[in-house]
Amino acid sequence: MATKILSLTCSQCGALVVQYKKQGSGALIQLIIDRIQGPPSLVRLKAVTSKSELPSLTCPECGFLIGVPMNHEGKSLAYRLVKGSFRRQIS
């Protein structure tokens, strides 16, 4: 299984939103919280235990909505990404 570090930027203003460790091939549809690599404000979310405590993922510069909280396969927390709200680059 291939692993890549991706940088996601806001499609509206271009600001860095998150660095993420993607496993496998295929489209990027969700971000599993445990695989977030940066920035530190998002890495701290690994301590969150319930979906209701997880804030929406927004651009730190313009506030544009990037993702909404969800439960991944019923056990781990994740963000479901809004299609077209971000650009990705391999770091």
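## A closer look at the pairing of strand β2 (residues 16-23)
Regular strands show a simple pattern: their side chains alternate between the two faces of the sheet. Alignment of strand β1 (residues 3-10) against β2, held across 7 bridges, turns out to be antiparallel. Opposite I5, over in β2, you have K21 as the bridge partner. Taken together, β1 and the strand that follows it, β2, pair antiparallel across an intervening segment of 5 residues, in which G14 is found at a positive phi of about 85 degrees. Pairing between β2 and strand β4 (residues 36-38): 2 bridges, direction antiparallel. Bridge assignment links Q19 to a residue of β4, and that residue is G38.

## Considerations on the environment of K46
Turning to its location among the elements, K46 is positioned in the loop between α1 (40-43) and β5 (57-58). The spatial distance from the C-alpha of K46 to the C-alpha of L81 is 18 Å, given a sequence separation of 35 residues. With residues up to four places along the chain from it excluded, the contact list for K46 reads I33, D34 and I36.

## Quick look at the nonpolar core
Ranked by internal contacts, the top residues of the largest apolar core, which has 25 residues, are L28, L31, L57 and L81. Only β1, β2, β3 (30-32), β6 (65-72) and β7 (76-81) provide two or more residues apiece to this core. Counting residues per element, this core draws most heavily on β7, at 4 residues. Leave out the neighbours within four places in its chain, and L28 touches L6, L8, Y20, K22, L81, F86 and R88.

Conventions used here
- Residues numbered from 1 in each chain as written.
- Predicted model: local features only at pLDDT ≥ 70, side-chain atom pairs only at ≥ 80, totals over all residues.
- Heavy atoms only, no water.
- Pairing = 2+ DSSP bridges.
- Helix = DSSP H or I, 4+ residues; strand = E, 2+ residues; numbered from the N terminus.
- Contact = heavy atoms within 4.5 Å.
- Core = buried A, V, L, I, M, F, W, Y, C linked by side-chain atoms within 4.5 Å.
- Buried < 20%, exposed > 50% of the residue type's maximum accessible area, 1.4 Å probe, protein only.

From the geometry alone we can't say anything about function, so treat these as descriptive.
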